[in-house]
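# Structure at a glance
Chain residues, written in single-letter form:
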Amino acid sequence: MGKLSSFNNLNVFWKFISGNGVWMAESPTQMFWSDGLIDAINNTGKQLFVSDLAVVIKDKYPKALHHFLVLPWKDIDSVYELSSDDDGLLQEMYELGSKAASTSGLPAGQFEYGYHMKPSMRRLHLHVISKDYHSPCLSHWYHWNAFNTDFFIKHEYVVKKLHEKGCIDRPHTQHVMTLLETPLQCNQCTYVPKNFKDLKLHLKQHVEYGQHS
DNA sequence: GTTCTAGAAC
DNA sequence: GTTCTAGAAC
């Protein structure tokens, strides 16, 4: 097997996304690290926009220059619990995300909206992230693939799938692993990075010199 | 989710 | 010397 197949740091990734083990709390109201988002949305100081159905916060570890999360107040764990009845909620979450994105000053088309195929944190959360992916918090190979492969389930896909089938199918473990092992590829040009550090430097060039670096 | 560390691999 | 791997974290 090749280099990518032996990228076993994914086993560590798998360990924490599978929800096993005992973890340290980050605040008195948070029993597990995986409840961090639920803790955050109930902190009024962190709420950027609020509606009856959902709330927007900044991602604690932004993976781009602008990275927001939109979460429902309702205790929905993930996209796999959604039904066609939730179309209104999804649209409202998208609208709230758009409001947050507009505060960046960037064109609306510079943002991507989607859900992770295998989220680590509890409570459904829509990622609203700028396409630069220029951030010190984007520090692992699988961070990149979590946003730049089918691991990132686009908002439009979720809406379409719920309309057509009424639910989102849970993926097989092997499929998720394969997506996270995908070779690196720039999202803004045809460049194929030699390694993760090379990708980081390349993304920085796009931010500093634009699309034609 | 993240940070930290040691040791392997390149 | 740099990058990647692997595991712990009460």
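- Looking at an unreviewed UniProt entry, chain A carries the name HIT domain-containing protein, with the source organism given as Anopheles dirus.

### Focus on the pattern of salt bridges
- Counting across every chain of the model gives 6 salt bridges.
- In this structure, R122 engages D35 in a salt bridge whose closest nitrogen and oxygen atoms are separated by 2.6 Å. Here the residue R122 occupies a position in the loop between strand 4 (111–116) and strand 5 (126–130), and D35 occupies one in the loop between helix 1 (9–17) and helix 2 (36–41), the gap between them amounting to 87 residues.
- For D35, a relative accessible area of 16% gives the class buried.
- Here D75 and R123 are joined by a salt bridge, their closest N and O atoms 3.5 Å apart. Pair noted here: D75 is in the loop between strand 3 (67–72) and helix 3 (87–102) and R123 is in the loop between strand 4 and strand 5, with a separation of 48 residues, a long-range link.
- A relative accessible area of 51% means that D75 is categorised as exposed.
- Looking at R123, the relative accessible area reads 7%, which means it is buried.
- One salt-bridge network, held together by shared partners, links D35, D77 and R122.

Definitions and limits used
- Residues numbered from 1 in each chain as written.
- Chains lettered and ligands numbered in written order.
- Predicted model: local features only at pLDDT ≥ 70, side-chain atom pairs only at ≥ 80, totals over all residues.
- Heavy atoms only, no water.
- Salt bridge = Lys/Arg side-chain N within 4 Å of Asp/Glu carboxyl O.
- Helix = DSSP H or I, 4+ residues; strand = E, 2+ residues; numbered from the N terminus.
- Buried < 20%, exposed > 50% of the residue type's maximum accessible area, 1.4 Å probe, protein only.

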